[in-house]
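# Coordinates in review
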Amino acid sequence: MAAGAPVPALRLQGVGRRFGALQALHDVSMEVAAGERRAILGPNGAGKTTLFNVVAGDFPPTSGSVELFGTDVTRLAPYARTRLGVCRTYQTSQLFMGLTVAQSLFLAIRGASGGRFSPLRPKPDDRSRVRAAEIAEAVGLAADLQTAVGSLSHGQQRQLEVGMALAGSPRLLMLDEPAAGLSRAERITLTDLIKRLPRDITVVIVEHDMDVALAVADRVTVMAEGTPLVEGDPEEIQSNRTVQDIYLGHAVGGRHG
Amino acid sequence: MTWARSQQGITTLAIVALLLLYPQVMPRFWVLSIAANSMILGIAALSLVFMAGYGGMTSLAQAALAGFAAYMLALLSLVPSTNATGSALGAGLPSIPGALIAIALATALGALFGAISSRSYGIYFLMLTLALAVGFYYIVLQNYDVFGGHIGFAGIEGPTGQPREDPPTFYYLCLAVSAAIYLGLRYLVRSQLGLTFQGMRDNPRRMAALGYRVGAHRVALFGIGGFVAGISGVLGAWYRGNISPGILDLNRTIEVLIVAVIGGLGYPIGAFVGAVLYTLIKVFASSVTIAGFSFDERFNTLVGLGFVVIVLVAPNGIVGLADRAYRAVTHRSGARRRAVDPLAVEAGLVPAPVAQPPDAPVIAGDDVPTGS
Ligand SMILES: Nc1ncnc2c1ncn2[C@@H]1O[C@H](COP(=O)(O)OP(=O)(O)OP(=O)(O)O)[C@@H](O)[C@H]1O
Ligand SMILES: [Mg+2]
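The structure presented is a predicted model; accordingly, all values stated were derived computationally and were not measured.

### So, the overall build of chain B
Looking only at helices and strands, one finds 15 helices and two strands in chain B. A buried classification covers 50% of the 372 residues belonging to chain B. Once local pairs closer than 6 in sequence are excluded, the contacts in chain B between residues at least 24 apart make up 76%. Surface summary for chain B: the accessible area is close to 16500 Å², and the carbon and sulfur share equals 68%.

### Quick notes on the site of ligand 1
Residues and elements named next belong to chain A. Around ligand 1, 15 residues are found, and the nearest of them are G45, K48, T49, T50 and Q91. With respect to ligand 1, the backbone of G45 contributes an N or O atom lying 2.9 Å from an oxygen atom. K48 is positioned such that a nitrogen or oxygen atom in its backbone is 2.8 Å from an oxygen atom of ligand 1. Those elements that place two or more of their residues in the shell around ligand 1 are β2 (22-32) and α1 (48-56). Of the residues forming the shell around ligand 1, the biggest block, three residues, is contributed by α1. Along the lines of polarity and charge, the residues of the shell around ligand 1 split into five nonpolar, seven polar and three charged.

### As for the coordination of the magnesium ion (ligand 2)
Octahedral six-donor coordination of a metal ideally yields angles of 90 or 180 degrees, compared with 109.5 degrees for tetrahedral four-donor coordination. Residue and element names in this part refer to chain A. At the metal site, the magnesium ion (ligand 2) is ligated by T49 (OG1) and Q91 (OE1), and these contacts range over 1.9 to 2.0 Å. A residue pair is termed long-range when its members are at least 10 positions apart, and T49 in helix α1 and Q91 in the loop between β6 (86-88) and α3 (101-113) qualify at 42 residues. By relative accessible area, T49 is classed as partly exposed at 25%.

### Points about empty space enclosed by the protein
Residues and elements named next belong to chain B. Within the structure shown, the criterion is met by eight cavities of 30 Å³ or more. In this model, the largest cavity occupies a volume close to 80 Å³. I40, A63, A66, G67, A70, S232, G233, G236, R240, I247 and R252 together form the lining of the largest cavity. Secondary structure elements with two or more residues in the lining of the largest cavity: α3 (62-77) and α10 (214-240). Looking at the lining of the largest cavity residue by residue, the class counts come to five nonpolar, four polar and two charged.

### Quick word on the sheet that holds strand β8 (residues 202-206) of chain A
Residue and element names in this part refer to chain A. Read from one edge of the open sheet, six strands run β6-β7-β8-β3-β9-β10, paired in mixed fashion. Looking at strand neighbours, the two that pair on one side only are β6 and β10 (227-232), the edges of this open sheet. Taken pair by pair, the neighbouring strands of this sheet meet at an average axis angle of 20 degrees, ignoring direction. Pairing of strand β3 (residues 37-41) with β8, which is carried by four bridges, proceeds in the parallel orientation. Across the sheet, residue R37 finds its bridge partner in β8, namely V203.

### Quick notes on the side chain of E177 of chain A
Residue and element names in this part refer to chain A. Tracing the chain through its elements places E177 in the loop between β7 (172-176) and α6 (184-196). Owing to a relative accessible area of 2%, E177 belongs among the buried residues under this scheme. At 3.1 Å, the side chain of E177 and the side chain of H208 are in polar contact.

### Here we look at the sheet that holds strand β4 (residues 63-68) of chain A
Residue and element names in this part refer to chain A. Read across the open sheet, the four strands follow the order β2-β1-β4-β5; overall the sheet is antiparallel. Only two strands of the sheet have a single partner each, and these edge strands are β2 and β5 (71-72). By the bridge criterion, two bridges tie β4 to β5 in an arrangement that is antiparallel. Following the sheet pairing, E67 is matched in β5 by D72. On the sheet, α1 packs against β1 (10-19), β2 and β4 and is oriented at approximately 115 degrees with respect to β1.

### Some words on the interface of chain A and chain B
Contacts between chain A and chain B engage 45 residues on the former and 43 residues on the latter. The three residues of chain A that bury the most area against chain B are Q94, F117 and R121 of chain A, which together make up 19% of that side's buried surface. Counting across the chain A and chain B interface gives two salt bridges. One salt bridge connects E161 of chain A with R206 of chain B, and the closest N-O pair in it is separated by 2.7 Å. Scanning the region where chain A abuts chain B turns up 18 residue pairs in polar contact (both at pLDDT 80 or more). Contributing elements (two or more residues each) for the side of chain A that touches chain B: α2 (78-83), α3, α4 (127-138) and α5 (154-167) of chain A. Sort the elements by how many residues they give to the side of chain A that touches chain B and α3 of chain A lands first, with eight residues. Per-class residue counts for the side of chain A that touches chain B are 22 nonpolar, 15 polar and eight charged.

### Points about helix α12 (residues 268-285) of chain B
Over its 18 residues, α12 of chain B runs 26 Å from end to end, which matches the ideal 26 Å to within 8%, given 1.5 Å per residue. For α12 of chain B, the complete set of buried residues consists of P268, G270, A271, F272, G274, A275, Y278, T279 and A285 of chain B.

### Focus: the pattern of salt bridges
Residue and element names in this part refer to chain A. In total, this model carries 16 salt bridges over all chains according to the counting rule given. Between R199 and D218 there is a salt bridge, with its nearest N and O atoms 3.1 Å apart. One end of the pair, R199, is in the loop between α6 and β8; the other, D218, is in the loop between α7 (210-216) and β9 (219-224), with 19 residues separating them in the sequence. Classification of D218 by relative accessible area gives partly exposed; the value is 29%. Because the salt bridges share partners, they merge into one network encompassing E36, R38, R219 and E231.

### Quick word on the nonpolar core
Counting residues in each nonpolar core, the largest one holds 143 residues, and the members touching the most others are L105, L160 and L173 of chain A together with F50 and I243 of chain B. Of all the elements, helix α2 (residues 28-55) of chain B adds the most residues to this core, at 17 residues. Built from parts of two domains, this core gets at least three residues from each of domain 1 (10-85 + 170-256) and domain 2 (98-168) of chain A. Counting residues in each nonpolar core, the second largest holds 26 residues, with L51, V54, V73 and M223 of chain A among its members.

### A closer look at unusual backbone geometry
All names here are of chain A. Residues other than glycine seldom take positive phi values, yet D27 does so here, at roughly 45 degrees. Within the element layout of this structure, D27 appears in strand β2. For E225, which is not glycine, the phi dihedral falls at a positive 50 degrees. Relative to the helices and strands, E225 is located in the loop between β9 and β10. Here E225 falls in the exposed class, since its relative accessible area comes to 72%.

### Notes on the packing of helix α11 (residues 250-263) of chain B against helix α14 (residues 317-330) of chain B
All names here are of chain B. Put simply, α11 and α14 touch, their axes get as near as 3 Å, and they point 5 degrees apart. Relative to α14, the element α11 is oriented roughly parallel. Within the contact between the two elements, α11 uses V261, I262 and G263 and α14 uses G317, I318, V319 and G320. In terms of residue class, the contact of α11 with α14 is built from four nonpolar, three polar and no charged.

### Quick look at the pairing of β10 of chain A
All names here are of chain A. Bridge analysis of β9 against β10 gives five bridges, and the strand direction is antiparallel. By the bridge assignment, M223 is partnered in β10 with P228. Between β9 and the antiparallel strand that follows it, β10, lie two residues; E225 among them carries a positive phi value of about 50 degrees.

What counts and what doesn't
Residues numbered from 1 in each chain as written. Chains lettered and ligands numbered in written order. Predicted model: local features only at pLDDT ≥ 70, side-chain atom pairs only at ≥ 80, totals over all residues. Heavy atoms only, no water. Helix = DSSP H or I, 4+ residues; strand = E, 2+ residues; numbered from the N terminus. Buried < 20%, exposed > 50% of the residue type's maximum accessible area, 1.4 Å probe, protein only. Contact = heavy atoms within 4.5 Å. Areas by Shrake-Rupley, 256 points an atom, 1.4 Å probe, with all protein chains shown as cover. Near = heavy atom within 4 Å. Polar contact = N/O pair within 3.5 Å; in protein donor to acceptor, adjacent residues only side chain to side chain. Nonpolar A, V, L, I, M, F, W, Y, C, P; charged D, E, K, R; others polar. Donors = N, O, S within 2.8 Å, 3.2 Å for Na, K, Ca; no water. 1 Å grid on protein atoms, 1.4 Å probe; cavity = no way out; pocket = protein on both sides within 12 Å on 5 of 7 lines; lining within 4 Å. Points joined across faces, edges and corners; volume = space filled by probe spheres on them. Pairing = 2+ DSSP bridges. Axes fitted to C-alpha atoms, helices over the stretch in contact; angles between N-to-C directions. Buried area = accessible area lost by both parts, 1.4 Å probe. Salt bridge = Lys/Arg side-chain N within 4 Å of Asp/Glu carboxyl O. Expected span 1.5 Å × (residues − 1). Core = buried A, V, L, I, M, F, W, Y, C linked by side-chain atoms within 4.5 Å. Domains from an automatic or database assignment. Parallel < 35°, antiparallel > 145°, perpendicular 65-115°, else oblique.

What follows is the structure, encoded as structure tokens:
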């Protein structure tokens, strides 16, 4: 890359991840520019979630390197990557079932902003609490601030997933199938929410719902068997033969259809 | 709501009045052997309840941490010449500074235990903390020169003198300390730190992804556990006046666990309820013989059976049972749900916690919400 060129939000070089005999990721090299909206598509088991886990630091890659905003984070712990601005959602919700929506969002905000060991109770006008209410509003949970997470509907839990990721003031937001299990109305709200995000947030989204994925994406990467096959803008991808064969053919009537 | 609140206020006031009057009207035995003893045991159990209920860390090292504080207190406050074992050890500090240092050391040891076990969860955490407790017991037993072997130390005296000579004052000391710890922990539960612990309990992986150093928070929680257990150890040493390895052996470890479970692991007040119940059974079982059946000899069997029944019938302990009954009577639907291990959900071991029985609280304490 030429000197002075903008630093990409995410750069993967030759990333591989092996689970025993299974090569879940194989030689993944890709760059996501700052401010870009990137969709990652691929059939079940393609390695999309594994890729997220490697970027977020749940486990290190078995080969290759991960760079965030120009910093090599390959060996960095998850919490340290979050402090660099990586926030993510999970395909299987990872929530605090014993806490309320407000408390969950509050934890998410404070996790990124400091004061993590404070033994004091936040005052009612605490900035983090006010922000938590704003985020709840944005993801359609304003009426459920005091609801226990365990009593939310599945769709509401998925929205809280997104809310908690946004609460961390992300520079790189990674959404793993955020629309899965949402109603049509909830999907539209979610799509609008993602489209309205300011451009200083880079978004990488894994999504089986084409309407959602293609509505928000500038560029699309199609993965299969642990490696990226094709990259292009949404029109190119939709008309690409290889993609139709390996992915779209499979997806119709697949997991969510 | 105001009626319920004032009702609650009156109940609280009545309980406080009863607790304050108690040593004035009750005989010495009831003040010391039942009440003070229960509070000391209750504080130790509370350290476990707090760690387990709010941080998901079921530590079996709490009795050892309490015992450690008691030994440190003895070493710090005894004067070498009056030392019962004739050992040359003893710093001869006054009781209060000695106690404060002993509690600080227990806090530090708790944090060290936390650092050792910070990556262990579930059954591994249980085993590791048990190993630490047993290991410490043998260190105490085998280092005669430092810890006085199986004899231990005698002649430890607190700021209120011999409890036997002035039971009410020692009772008030225990009551004040118990209340301070109880209220302090209840405050902490809704603080940033307390919420962090609960987040850790529910989903450590998500906490890490939100920017928290989960290991460091586990160390902090174990430090708090050591602090509370240490206070129990100090009060216990003042209460008995002497200490021996029996205060931190496996029996004591199990005792603390049983008390916490009987009371209810999700409820801080349960630690004290469980302790009173346990103490009453223990004291009275020893004096009862019906038709040739000595309850004294069968104490462990009885407690063991009671324990099994409680775990089966009321997994949230006596207080959990009462809470459930109260909610059923007042039709207050509890918004408190049992936490489900998200990794277990992901692995398909348990169903996702969408529709759960509404009667399985994990958290008790106040209802101060975090929202605005
Ligand atoms: N922690 C793990 N241990 C062992 N194998 C794993 C682990 N995580 C993922 N795998 C395996 O790696 C492969 C890729 O899985 P991954 O979850 O990344 O796929 P995916 O593209 O997200 O699929 P889906 O669309 O179903 O979510 C799968 O074969 C999966 O079984
Ligand atoms: Mg996936």
